Amino acid sequence: MKLTFLGTGSAVPTRTRNTTALALQLEQRSEWWLFDCGEGTQHQVLRSTFTLPKLRRIFISHMHGDHCFGLPGLLATRSLQSAEMPLDLYGPAGLSDFIQGIRATTGTHFSYPLHVHGAKNGEIAFEDDEISVRAVEVVHAGKTFAYIVDEKSQPGRFRIEDATRLGIPAGPIYAKLKRGASATLDDGRVIDGKTLVDPPRSGRKLALIFDSCDSSNVLPFAQNADLMLHEATFLESRDKEHAHEY
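Moving on, we come to the pairing of strand S9 (residues 144-151). Counting buried positions along S9 yields seven of eight residues, so the element is predominantly enclosed. Of the pairings in the sheet, the one linking strand S8 (residues 131-138) to S9 comprises eight bridges and is antiparallel in character. Opposite Ser132, over in S9, you have Asp150 as the bridge partner. Note: S9 against strand S12 (residues 205-209), four bridges, orientation antiparallel. Counted as the bridge partner of Val149 is Leu206 from S12.

Right, dumping it as structure tokens:
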């Protein structure tokens, strides 16, 4: 997993900081995911190694403009680049109405299937065979979500060097042994794949927390996280009272 900050500013962009956007690149996948999409995010993408046609999922924490105003332009540009891969959006109530309003008032059409999913507190927003993303509500304005990205346990490494030492020829038989199954060689030997595969590797966990004045709800879900990323706008030494107010 690789995280790239496309924006780390607060509500107003500056010359050196854009509004919130965070890219997640997943190993062995040709796609990437985006968390929040502040104004100007597509310009930040142009300065990165990412391309919009490869963007597969977008997770929005809440519907404040500095976290979602970049969506209309980014979605439209992705279409103008003739993207065909489906794009899934996840976020709080209002996200679907926001997208539909943009399409209706601007006549924007997309070259790709666009699916909008409503996130719910404590529930899995997305899951496949390798990874899950859970939405957890934090205290801010309206519905605001943090996201817990949880990678499932990975199969142990197949020890090719041991297979070679045993004289097992490379080919389709390796795939069978990697799964931990037994295979019979041409010379009659039966090889137990479990003896050639390391123990399963624990998956990695990311806790991604954006605007919040109280994110304690995340703690039960973020236990043993490999990385926690938490936005912070106010300095304790200078802005403590201001922080509590907002």
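Right, let's get into the sheet that holds strand S3 (residues 32-37). If you trace the six strands from one edge of the open sheet to the other, you get S1-S2-S3-S4-S5-S6, paired in mixed fashion. Among the strands making up the open sheet, the edge pair consists of strand S1 (2-7) and strand S6 (114-118). Direction aside, the axes of adjacent strands within the sheet are offset by 20° on average. Note that S3 and strand S4 (residues 55-59) share four bridges and pair parallel. Within S4, the position partnered with Leu34 by the bridge is Ile58.

A separate point is the environment of Ala76. Relative to the helices and strands, Ala76 resides in helix H3 (residues 71-80). Apart from residues lying up to four places away in sequence, Ala76 is in contact with Thr108 and Phe110.

Bringing H3 into the picture now. Buried within H3 are the following residues: Leu71, Leu74, Leu75, Arg78 and Ser79. Buried residues of H3 fall within an arc of 135° about the axis and therefore sit on the same side. Ser82 occupies a position one or two residues after H3 and carries a positive phi of about 60°.

What counts and what doesn't
All chains use their own residue numbering, which begins from 1 and follows the written sequence. Local features in this predicted model are restricted to residues of pLDDT 70 or higher, and side-chain atom pairs are both shown and tallied only at a pLDDT of 80 or more, whereas totals for entire chains, interfaces and linings draw on every residue. For side-chain calculations, the full set of non-hydrogen atoms in the structure is used, while hydrogens and water are omitted. Burial here depends on accessible area, computed with a 1.4 Å probe over protein chains only, as a share of the maximum for the residue type. Under 20% is buried, over 50% is exposed, and the range in between is partly exposed. Secondary structure counts use DSSP, requiring at least four H or I residues in a row for a helix and at least two E residues in a row for a strand, with both numbered from the N terminus. In this analysis, strands are considered paired if DSSP registers two or more bridges between them. Every axis corresponds to a line fitted to the C-alpha atoms, with the helix fit spanning only the stretch in contact, and the corresponding angles, defined between N-to-C directions, vary from 0 to 180 degrees. The criterion used for residue contact is that any of the two residues' heavy atoms lie within 4.5 Å. Arc definition: it is the arc formed by the directions from the helix axis to the C-beta atoms.

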